[in-house]
Structure formats: C-alpha cells, structure tokens
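A closer look at the structure
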Amino acid sequence: MNRLLVRAGGLYTTVQDTGRFGHYHMGMPPSGAMDIYSAVVANMLVGNADDAAVLEATYVGPKLEFTDDRLLAVTGADAPVTLNDEPVEPWTAVRVRPGDVLAFAMIRAGCRVYVAVSGGIDVPVYLDSRSTYTLTGMGGHEGRKLVDDETLQLAADGQATGSGGAVVPENLRPDLDCPAELRTVVGLCSYRLTEDALASFLGTEWKVTKDADRVGYRLRGGKLDFTEREQPFGAGSDPANVVDLGYPIGSIQVPGGDEPIVLLNDAVTGGGYATIGTVISVDRDRIAQAKTGESVRFRSVDLDTALAARRDRRERIEQVRQQLGR
Amino acid sequence: MTDKIQLPPARYEYGGDEFVFVELDQAMSLEANFAGMAVTNALREEAIDGVVDICPSNASYMVQVDPDRIDPRDLVTELRRLEASVGTLPEDYVLKTRVVDVPVLFNDPWSHETLMRFRDRHQDPEATDLEYAARINGFDGMQGVIDAMTSAPWIVTMLGFVPGLPFCYQLVPRERQIQVPKYVRPRTDTPERTFGFGGAFAVVYPVRGAGGYQMFGMAPAPVFDLSQSLPDFAEDISFPKANDVLRYRAIDMAEFEATRAEVEAGTFRYRIREAEFEPAALLADPDAVNRELLEVLYR
C-alpha cells in the first residue's frame, strides 16, 4: 500500500513538482517540471493539487507497478503507453489496481512524459519543494534519477475508489510540431552582438545538440559575431566575456559565437558569458519537448506578448479544470 | 588613493516575463557592487508582493518576479525610484561582515590533472593555467601571481552559478589586480573545491561539474555541504555569504592533508572573525582597511 514499485527507471526519470523558489540568489535553480502545462494537467486528471509531485521521464519512460488503487495519468510527449501490455490513452485518467504495470514504448513526438498518480509522489519536502536537483543531489527521490528495482512512496490520501475516464480534449493538448518556435524577449547584453548577428540569430533554424538536458540546451547551426570593443575591467578578454552576472531562467548565451545555450529549470544561475535574450516562460514548456536532432527557431516578441502568452496558458489550464470538473 | 569611479546610468532589461536584469556598469568596480548592495537592500526592505527573489551580482543585479502578481514594468518603475532615492551607500555606512581564512594548495596535482585534459580549450595549451596567468599579468613565475592573490583579502560580490559558489573580488586598486580570460570553451569537468579564476574574480567550485575559469589550486575545506555535517554548515548548506571577506592563504601539502583529515573527521572549522568596515574608507585607502581586516582575522 502507498508504494509505487519502479521495475525500470527509464533513461532519466525524476520526481518534480512546480519548483523550489527563493534560493536563486545563492545559486540554487528552481528545478521543477520542465513542461509545466503537461505536469499541471496530469495532476488535474488524477484529482491532485496543481503542484503535486509527478514523474518526469525523458525519451524512455519507466516501468511502474502499482500496489494499491489509484488514478493515473500520462501527459506531455507522445509515447505509446500500456497497462499490463494493453494500450491506454494518454491525457486520460486511468484507474489502476494492485499489481497493474505501466510501461512505455519509445517516444514518437516530444521529449518528456509526465506521470501523475492520485495523491502524488510522496518524497520528503526539501526547502518547500519535492523537485529533484541532481547536480547537488538534493530534493526528489534521494536527489537523483530513478533506477531499476526500487520503491517510491505515494501519499496515503490518494487511494481511488471511483473510475477513471476523464479526458483532456485534443484542442487543449500541447502542440509538439517541429521546429519549435520559441518566443524570445531580446535584450540583457544583446548589445554585444552586431546587428547582422542578431538578425542571423533570429533567422537561423538551430539544431538541438546531444548536450541538452534540464540545465540547458546547447544549439548549433550558425555563427554570430560580437561587436568589437575594449573589454571592460574584470570581464576577461574573450569577446563573449562579460563581468559575471545573473542568468535568467530561459536566457540565451552564446559562448564562442557558435553555440547558443538556452538555460532551463536546473540553470546555472549566473556566469561570465554575454546573454542576448530570454525565452518567455510559457515557451519553456515547448523547448522542454524538443529533442536532440530537432530544430528550434527564436522569434522576437515584446514583454506584452510574453505576459499575454502567460495569461493564455493560465486560461487554458482553467478550461481544462472546467472540462474535467475539478 | 584610488580615483572615484562614476557609474553610468543603470540599464533596465526584461529577462523574459519572470526576471528584471539591471546592469549598473559593464566594468567591475566596488562602486558598482556597493550601488547594487544599496538598491537591493532597499528593495528587500519593501517586501513587495510578487518579488520572488533578489539576486545581487558583481556589477549588476537581478530580480525574479511572479508576473501573475506583479507586472515587471511596475517593478522597474519602483527600481528606478529606489535608484534615485538611495543612490549608493551613504558615506558613513558601516558594513558588518565576517573575515574568513580560506586555505588553498596552489598548483595541486588534482586540478593539474584536470587542466591537462582540457588543453585544447585553453588560450595557451603549452602552459599550465598558473603559468599562463603569470605571463599575461607580467610576473616572472607563478609564485608572483600566488603572492599577489594571497597578500590582500577579497570580498564576496556575488553568489551563484551553482549553490554556494562565491565570486570574490580583491580589495586592491585595479592596477594591482590579476586578470585572466575564461577558457576559450568551457570545460565539461572541474574537481570539487577547485580554486578558479576568471576575469578579475576568484572562486572555489562547490561541486564537481562544468566550468570556464582558469584552475590554480585546490581548497581542502568545502564551501558546500549538503549533509550539513560540519559545524560551519549547521545553519546552511553553503558557507559563503554576500559581503564576506575571504583571505586566501597559500598552504603546503602537509597542511592540505591535515585539513582534509579534519574535514573527514567532521571537526574542521573555518577561522572566522566578526569585522566591520566603511565601504567609503575602503575605496579611499584599500591598503589601510586590508591591514585592519587581516589584523582582526589573525589577532
């Protein structure tokens, strides 16, 4: 009872909620689900609070065995899901019983799936959050990704008695089309790039390299020139060097001019490379679903657009809530 | 005496919808750092709803907001008002802080092994990081750089990159500061507790991981302890605090090993002394303030 047996951990599966805030100033990123929309909707489907802890699985999902009666929902990337080898629908509340086994085949589109279980994954709360930050080994399940043959605790109050069946309509599921368009507020230290380089940055289809994880995505596909200047005191002599400063989550830096890095939920919080803009918060959901080898594009937007997109997402979440009667 | 640095007008930028980034100067100076301290202190006192985090940096600062609770533009209006009203720290402002002795084994075997693996990412693949730093800073050999770095204390002007990493700026006039570029391409590996240097900043890496700073040595004592088993970490997983004054002290292998043994036994404590100084006095005569701080530390 109240346990979830991890038969196989998958490639990189971690416990995440909506993040750990208020510690960025000492160098600790929020962590939390990379695709917030999918994580929140998964929670809604099983009747959890929006910020309950879920599993985030990258590329290859885990194999999980249930020990009691629960509701389960899988959202995010498009991957074939089975329960006891029978296909089950994603974006749907599914009733599970003791002994039921959930498994995934390879992802078809997107990059990260979210698994919510009624009650939520009950790992210890660390600094007000259950999110995993693997770099320092804190939070989540022992500060690390799941491994084969171990056990997760589920909250005792999540036992399900009713049936599943609640479904998120197609029009309220995210778009996983490629290339992902990432709306970006250009700025920060974008003055370091020449006008041509900035135009080229926005006009290029950038390819996601294999160095793409929860810390950030490294991209390739173009070469950007910096404006010439005498480097300011304390910055270092490379043209991409600035006096070390704070990096917003979603910010884009270009060390060497040819490898843009977009920082994400496990971001390094600061450093000495020039930042040229920030992907808007809503579109972090989108880049979280881009995988190695796929392309992304940046589109320059203003702050109004960024704030409107955020209101939009919030309205979509409320629409889901209404549809599900939660 | 150093010439007083006049800061340019602050530059306000939106880091998407969740961050406001304020650049006080493109160049590093204590003036810029103290100006950031003044305005972020004032902002913290206002306890504005929707402000999630306040992150002072070297010559800039950043504020994280919840845009569902506060429009970032309203925050910028408030920051401009604060900038105009508090300006920089008042002349008679007294900074209460800690002075800490931080032992470092320079030219150690572990960071040496790592730097040799990444020569292809370095400006000067034929030299070690310390030899390179000595050459471009006009010293005959690496001992000159080590002497310069250990002769005067440093102030923590920013925390970040990863939890607990202190960016330290030396309390000497610009013309006596060491400067080095960051690696041409960042390394994918840096040993835990590496003493690193980039731009004009010294750091100790809290955990193993990527890094772009030149590698000069190894600290025997941690700056980050998730298990909080050492007494200095009882309150917090990271040791350095903003405005701490750190004195990096060169040690030999015997002291390194002895200190490591204390850390392993859970008995190590940093040498810490409470101290205070006036930032205005420091800007006017850094050497005099340094002498006092070191006197307090080793009294």
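All residue numbers refer to positions counted from 1 along the written sequence of the respective chain. For naming, the first written chain is A and the first written ligand is 1, with later ones following in the order written. Whole-chain, interface and lining totals are the exception, using all residues; otherwise, since this is a predicted model, local features are given only for residues with pLDDT of at least 70 and side-chain atom pairs are given and counted only at 80 or more. Each side-chain value is worked out from all heavy atoms of the structure, with water and hydrogens disregarded.

The name recorded for chain B in an unreviewed UniProt entry is Urea carboxylase, from Halosaccharopolyspora lacisalsi.

The name given to chain A in an unreviewed UniProt entry is Biotin-dependent carboxylase-like uncharacterized protein, and the organism recorded there is Halosaccharopolyspora lacisalsi.

Let us now look at the overall build of chain B. Comment: elements are numbered from the N terminus, with helices defined as DSSP H or I runs of at least four residues and strands as E runs of at least two. Within chain B one finds 8 helices and 12 strands. Values of the radius of gyration come from C-alpha atoms, whereas the globule rule sets the reference at 2.2 Å times the count of residues to the power 0.38. The C-alpha atoms of chain B give 20 Å as radius of gyration, which agrees with the globular expectation for 299 residues (19 Å, within 12%). Projecting the C-alpha coordinates of chain B onto the three principal axes gives extents of approximately 55 × 40 × 40 Å. Note on exposure labels: buried denotes an accessible area under 20% of the residue type's maximum, exposed denotes more than 50%, and partly exposed covers the range between, all computed with a 1.4 Å probe on protein chains only. Evaluated residue by residue, chain B yields a buried proportion of 61% over its 299 residues. Throughout, a contact is declared for two residues whenever any of their heavy atoms are within 4.5 Å. Across chain B, every contact between residues at least 6 apart in sequence was considered, and the portion connecting residues at least 24 apart equals 67%. Only the protein chains shown count as covering a residue, and every accessible area follows the Shrake-Rupley method with a 1.4 Å probe. Counting every atom, chain B has about 11900 Å² of accessible surface; 50% of that belongs to carbon and sulfur.

With that settled, consider helix α6 (residues 253-265) of chain B. All names here are of chain B. Every helix has an expected span of 1.5 Å times one less than the residues it contains. The end-to-end C-alpha distance of α6, which contains 13 residues, comes to 18 Å, matching closely the 18 Å that a straight helix rising 1.5 Å per residue would cover. Among the residues of α6, those classed as buried are F256, T259, R260 and V263. An end-on view of α6 places all buried positions within 105° of arc, on one side of the element. Turned more than 90 degrees away from the buried face of α6 sit A254 and A265, all of them exposed. Considering only its buried residues, α6 is in contact with β5 (95-106), α3 (109-117) and β10 (214-218). Phi turns positive, to about 80°, at G266, one or two residues after α6. Note that the arc is computed from the directions linking the helix axis to the C-beta atoms.

Of the residues lining the interface, 58 residues belong to chain B; the matching set on chain A comes to 53 residues. When two parts are brought into contact, each loses some accessible area as probed by a 1.4 Å sphere; the total of that loss over both is the buried area. Approximately 4400 Å² of surface area, both sides summed, lies buried where chain B meets chain A, with 59% of it carried by carbon and sulfur atoms. Each reported salt bridge corresponds to a side-chain nitrogen of Lys or Arg within 4 Å of a carboxyl oxygen of Asp or Glu. Counting the contacts that link chain B with chain A gives 8 salt bridges. Close ionic contact of D304 of chain A with R73 of chain B constitutes a salt bridge, the shortest N to O distance being 2.8 Å. Pairs of N or O atoms are called polar contacts if they sit within 3.5 Å, as long as, within protein, a hydrogen donor faces a hydrogen acceptor (for residues adjacent in sequence, only side-chain-to-side-chain pairs). If you look at where chain B meets chain A, you find 24 residue pairs in polar contact (both at pLDDT 80 or more). Listed by contribution, the elements that provide at least two residues to the side of chain B that touches chain A are β1 (11-15), β2 (19-23), β3 (51-56), β4 (60-65), α2 (72-86), β6 (154-159) and β7 (166-170) of chain B.

Residues and elements named next belong to chain B. Within the structure shown, the criterion is met by 52 salt bridges over all chains. Residue D287 is joined to R176 by a salt bridge in which the shortest nitrogen-to-oxygen separation is 2.7 Å. Of the two residues, D287 sits in helix α8 (residues 286-298) while R176 sits in the loop between β7 and β8 (194-198), which places them 111 residues apart along the sequence. A relative accessible area of 29% means that D287 is categorised as partly exposed. Note on R176: relative accessible area 43%, which makes it partly exposed. Across the pair R299 and E295 runs a salt bridge whose closest N-O atoms are separated by 3.1 Å.

All names here are of chain A. Two strands pair if DSSP finds at least two bridges between them. With mixed pairing, 7 strands are arranged side by side around a closed barrel as β12-β19-β16-β17-β14-β13-β20. Strand-to-strand, the axes of this sheet are offset by a mean angle of 40°, without reference to chain direction. Pairing of strand β16 (residues 251-253) with strand β19 (residues 275-279), which is carried by 3 bridges, proceeds in the antiparallel orientation. Bridge pairing in β19 links S251 to T278. In this description, a line fitted to the C-alpha atoms serves as the axis of each element, helices being fitted only across the stretch in contact, and the angle between N-to-C directions of two axes falls anywhere from 0 to 180 degrees. With respect to the sheet, helix α2 (residues 195-203) is in contact with β12 (180-186), β13 (206-212), β16, β19 and β20 (295-300), its orientation differing from that of β20 by roughly 125°.

Residue and element names in this part refer to chain A. Across the junction of C178 and P179, the peptide omega takes the value 0°, indicating a cis bond. Within the secondary structure, P179 is located in the loop between β11 (150-153) and β12. Even without being a glycine, S31 presents a positive backbone phi close to 55°. Turning to its location among the elements, S31 is positioned in the loop between β2 (12-16) and α1 (36-45). Assessed through its relative accessible area of 1%, S31 is described here as buried.

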